[in-house]
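Now for the letters of each chain:
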Amino acid sequence: MNARIVVAGASMAGLRAAEQLRAAGWSGAITLVGDEPHLPYNRPPLSKEVLAGKAPFESLAFRPRASVSDVEWRLGRTVVAAGLDERTVRLDDGTELSYDGLVVATGMRPRRLNCPGPKAGRHTVRTLDDAQGLREALTRPGARVVVVGAGFIGCEVAATAVGLGVAEVTVVDPLPLPMAGPLGELLGRALLKRHEERGVRFALGAGVAGFTGGDRVTGVVLSDGSVLPADVVVESVGSVANTEWLEGNGLDLTDGVLTDACLRAGGRPDVVAVGDVARFPNARYDGVPRRVEHWCIPTDTAKHAAKTLVADAAPGPFAPLPSFWSDQHDFRLQSFGAPVLGRQDVRVLDGDPEGDVLVGYHHDDRLVGVVALGGQAVAASAARYRAELLKQPALTMTV
Amino acid sequence: MKVVVDMNKCQDHGQCVFAAPDVFSLDDAGHLAYVSDPDDALRDEVEEAADVCPLQAIRIEA
């Protein structure tokens with residue numbers, strides 16, 4: 001009778017969960033609650049095509065499968081509390097929704113710098129509205145841009161800003177090389193060179209101590225006391241899980257929502273987590289639960305979690321092969337596997353770090369990840385290694 | 001089943017080739033080629049390909 005699954009979060013993970021619930025045989029009601037006013041849309045273009053002004057919203061919006069044409073969307077609404085024993089969630093307008101099944105898909109929000117100084121002029125890139133606001137700021141004549149954080153998002157934004165004709169773009173990071181956390185030194189060095197050759201400046205080995213300016217930011221104070229003039233600051237310093245609404249239910253929320261291998265939260269048969277908020281063990285690796293902020297994870301987790309929730313049975317082992325890409329300037333990074341687990345043993349498999357290169361990451365002499373930097377030849381080479389990574393037995397790690 | 005790929009959006013990521021190798025392929029230059037009227041028996045893998053396309057450029061029509 002009017003059985004309902006509530007999906008908390010109406011981004012890609014929420015949409016995929018709804019579609020996969022239908023595919024798994026759920027014919028009851030589905031209600032999706034999302035805090036943005038928009039229907040689910042594709043986020044990777046936000047730091048690239050949207051900033052560059054090449055992608056209108058219509059081109060980002062997902063085309064939901066016909067099977068979910070009857071779901072209820074509650075957009076512009078935030079889930080603020082949950083009573084998992086009572087099977088209810090409460091929205092920010094006071095509405096209470098009861099559920100038979102709950103999908104946690106509330107995702108992440110950008111971490112913000114907690115430094116003294118003005119707030120105006122400081123941006124993040126997580127939502128469409130963020131990206132449109134940043135585009136407006138970047139296209140003001142003479143804008144001076146400081147990007148804090150030399151990870152993928154930061155480097156993509158810096159590349160896009162240079163492409164827009166911004167003359168002064170500086171990336172600040174406490175680490176000595178960009179993207180070295182996930183990719184290691186060899187590619188970090190190659191990427192630094194490519195960015196510098198294309199006009200991006202770097203202030204590496206430097207933290208941010210604060211911001212100068214009255215109402216608006218006029219500069220970024222580095223940890224050594226020097227000041228980088230800036231009209232636009234982009235903070236790309238990681239993200240924080242949106243799990244506060246689940247507090248008080250005995251779940252492990254230390255970094256996202258801890259789940260079992262079936263993506264169940266707190267051992268509850270009626271609560272699953274999907275997308276980048278889910279901290280799940282991957283049977284392909286060491287069984288240590290991790291959150292994964294890759295684009296393919298919402299789809300992978302949604303499939304698995306929907307089976308758990310609808311069939312009320314373990315859907316078999318969960319062992320997605322991680323993969324991500326990043327487009328910066330005129331080059332692409334394509335990764336398969338888990339490079340981060342093999343950063344201690346990095347080998348060039350194909351090409352040359354000065355040009356197109358395919359890099360292999362090894363743990364105990366075994367290939368655990370590959371990253372291609374450059375054009376189609378190394379991308380094709382990476383695809384061949386992907387097949388090899390897929391065939392490998394589970395990795396037992398002692399770290 | 002009719003499959004349409006928006007070639008203005010496609011950036012040759014090749015994820016669809018992994019998901020549905022009977023329908024999608026990359027040519028020697030690394031550009032996408034595909035079968036526009038695959039057998040209905042391939043629907044599951046084509047849906048998977050549409051899901052995993054980073055540009056969301058694949059449309060299944062009927």
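The rules behind each value
- Residues numbered from 1 in each chain as written.
- Chains lettered and ligands numbered in written order.
- Predicted model: local features only at pLDDT ≥ 70, side-chain atom pairs only at ≥ 80, totals over all residues.
- Heavy atoms only, no water.
- Helix = DSSP H or I, 4+ residues; strand = E, 2+ residues; numbered from the N terminus.
- Rg over C-alpha atoms; globule rule 2.2 N^0.38 Å.
- Buried < 20%, exposed > 50% of the residue type's maximum accessible area, 1.4 Å probe, protein only.
- Contact = heavy atoms within 4.5 Å.
- Areas by Shrake-Rupley, 256 points an atom, 1.4 Å probe, with all protein chains shown as cover.
- Lys, Arg positive; Asp, Glu negative; His and termini not counted.
- Charge placed at Lys NZ, Arg CZ, Asp CG, Glu CD.
- Pairing = 2+ DSSP bridges.
- Axes fitted to C-alpha atoms, helices over the stretch in contact; angles between N-to-C directions.
- 1 Å grid on protein atoms, 1.4 Å probe; cavity = no way out; pocket = protein on both sides within 12 Å on 5 of 7 lines; lining within 4 Å.
- Points joined across faces, edges and corners; volume = space filled by probe spheres on them.
- Nonpolar A, V, L, I, M, F, W, Y, C, P; charged D, E, K, R; others polar.
- Phe/Tyr/Trp six-rings, centres within 6.5 Å; stacked < 30°, edge-to-face > 60°.
- Lys NZ or Arg CZ within 6 Å of the ring centre and 35° of its normal.
- Expected span 1.5 Å × (residues − 1).
- Buried area = accessible area lost by both parts, 1.4 Å probe.
- Salt bridge = Lys/Arg side-chain N within 4 Å of Asp/Glu carboxyl O.
- Polar contact = N/O pair within 3.5 Å; in protein donor to acceptor, adjacent residues only side chain to side chain.

Undergrad: How would you summarise the overall build of chain A if you had to cite specific residues and measurements?
TA: If you tally the helices and strands in chain A, you get eight helices and 26 strands. A globule of 399 residues ought to have a C-alpha radius of gyration of about 21 Å, and chain A, at 22 Å, matches this closely. If one aligns the C-alpha atoms of chain A with their principal axes, the spans along those axes are about 65 × 55 × 35 Å. A burial count over chain A gives 55% of its 399 residues as buried. A separation threshold of at least 6 residues defines the contact pool for chain A, and within that pool the share at least 24 residues apart is 63%. Roughly 16,300 Å² of accessible area belongs to chain A as shown, and the carbon and sulfur atoms make up 51% of that amount. Averaging the coordinates of the 42 positive side-chain charges in chain A and doing the same for the 47 negative ones gives two points 2 Å apart.

Undergrad: For the sheet that holds strand β12 (residues 201-204) of chain A, give the residues involved together with the corresponding values.
TA: Residues and elements named next belong to chain A. Judged by pairing direction, the sheet is parallel, and its five strands sit side by side in the order β9-β16-β10-β11-β12 without closing on themselves. Here the strands that pair on one side only, and so sit at the sheet edges, are β9 (122-123) and β12. Helix α4 (residues 152-163) contacts β10 (144-148), β11 (168-173) and β16 (232-235) of the sheet and is inclined by roughly 170 degrees relative to β11.

Undergrad: So what's going on with the side chain of N242 of chain A? Residues and values would help.
TA: Residues and elements named next belong to chain A. Along the chain, N242 turns up in the loop between β17 (239-241) and β18 (257-258). With relative accessibility at 15%, the residue N242 sits in the buried group. Contact partners of N242, with chain neighbours within four places excluded, come to T106, G107, M108, R109 and V277.

Undergrad: Residue-level account of the layout of surface pockets, with values.
TA: Quantified by volume, the second largest pocket comes out at close to 460 Å³. Forming the walls of the second largest pocket are 20 residues, and the residues nearest its centre are D300, P320, L321 and R386 of chain A together with E48 of chain B. Mapped by element, the contributors of at least two residues to the lining of the second largest pocket are α7 (297-311) and α8 (376-391) of chain A together with α1 (15-19) and α2 (43-52) of chain B. A total of five residues in the lining of the second largest pocket trace back to one element, the largest contributor, which is α7 of chain A. In terms of residue class, the lining of the second largest pocket is built from 10 nonpolar, four polar and six charged.

Undergrad: Describe the packing of aromatic side chains, naming the residues involved and giving the relevant values.
TA: Inspection of the entire model under this criterion finds six aromatic pairs over all chains. Note on F280 of chain A and F318 of chain A: the rings are 5.2 Å apart at their centroids and 55 degrees apart in plane angle, and the pair reads as tilted. Here the residue F280 of chain A occupies a position in strand β20 (residues 278-280), and F318 of chain A occupies one in the loop between α7 and β22 (323-328), the gap between them amounting to 38 residues. This pair shows no difference in class: F280 of chain A is buried, exactly as F318 of chain A is. Taking 5.7 Å as the distance between ring centres and 75 degrees as the angle between the ring planes, the aromatic pair formed by W295 of chain A and W325 of chain A counts as edge-to-face. Of this pair, W295 of chain A sits in the loop between β21 (290-291) and α7 while W325 of chain A sits in strand β22, placing them 30 residues apart in sequence. Like W295 of chain A, the residue W325 of chain A is buried in the burial classification. One residue, R194 of chain A, lies across the ring of F331 of chain A, its end atom 5.5 Å from the ring centre. Directly above the aromatic system of F18 of chain B lies the positively charged group of R386 of chain A, at a separation of 3.7 Å from the ring centroid.

Undergrad: Describe in detail α2 of chain B, supporting the description with residues and values.
TA: Within α2 of chain B, burial applies to V46, A49, A50, D51 and V52 of chain B. Considering only its buried residues, α2 of chain B is in contact with α1 (12-23) and α7 of chain A together with β1 (2-5), α1, β2 (24-26) and β4 (58-61) of chain B.

Undergrad: Got a sec to walk through the pairing of strand β24 (residues 346-351) of chain A? Specific residues and values, please.
TA: Residue and element names in this part refer to chain A. Where β24 and strand β25 (residues 357-363) come together, five bridges link them in antiparallel fashion. When the sheet's bridge partners are listed, V348 is paired in β25 with V359. Linking β24 to β25, which pair antiparallel, is a turn of five residues.

Undergrad: Break down helix α6 (residues 185-197) of chain A for me, citing the residues and quoting the values.
TA: Residues and elements named next belong to chain A. With 13 residues, α6 extends 18 Å between its outermost C-alpha atoms, agreeing within 8% with the 18 Å of an ideal straight helix rising 1.5 Å per residue. What α6 keeps buried is the set L187, G188, A190, L191, L192, R194 and H195. Trailing α6 by a residue or two, G199 shows a phi angle of about 105 degrees, which is positive.

Undergrad: Which residues make up the interface of chain B and chain A, and what are the values?
TA: Size of an interface, as often reported, equals the accessible area lost when the parts are brought together. Across the boundary between the two partners, chain B contributes 19 residues, which contact 21 residues of chain A. Here chain B and chain A share an interface that buries about 1,600 Å² over both sides, 40% of which is from carbon and sulfur atoms. Among the residues chain B hides against chain A, the three largest losses belong to F18, D51 and Q56 of chain B. Together they make up 35% of the total. One can count four salt bridges joining chain B with chain A. R65 of chain A serves as the salt-bridge partner of D51 of chain B, at 2.7 Å between the closest nitrogen and oxygen. In this assembly, chain B and chain A are joined by 11 residue pairs in polar contact (both at pLDDT 80 or more). Secondary-structure elements contributing two or more residues to the side of chain B that touches chain A are α1, α2 and β4 of chain B. The greatest single-element share of the side of chain B that touches chain A, amounting to four residues, is contributed by α2 of chain B. The class makeup of the residues in the side of chain B that touches chain A is eight nonpolar, five polar and six charged.

Undergrad: Would you mind going over the sheet that holds strand β1 (residues 4-8) of chain A in detail, with residue names and values included?
TA: Residues and elements named next belong to chain A. The strand order across the open sheet formed by five strands is β3-β2-β1-β7-β19, and the pairing between neighbours is parallel. Two strands in the sheet have a free side with no partner beyond their single neighbour: β3 (72-75) and β19 (271-273). With direction set aside, neighbouring strand axes in the sheet form an average angle of 15 degrees. Sheet analysis places strand β7 (residues 101-104) next to β19, joined by three bridges and oriented parallel. Each bridged residue has a counterpart across the sheet, and for V103 the counterpart in β19 is V272. On the sheet, α1 packs against β1, β2 (29-34), β3 and β7 and is oriented at approximately 175 degrees with respect to β2. Most of the contacts of α7 go to β19, to which it runs at about 175 degrees, and overall it touches β1, β7 and β19.

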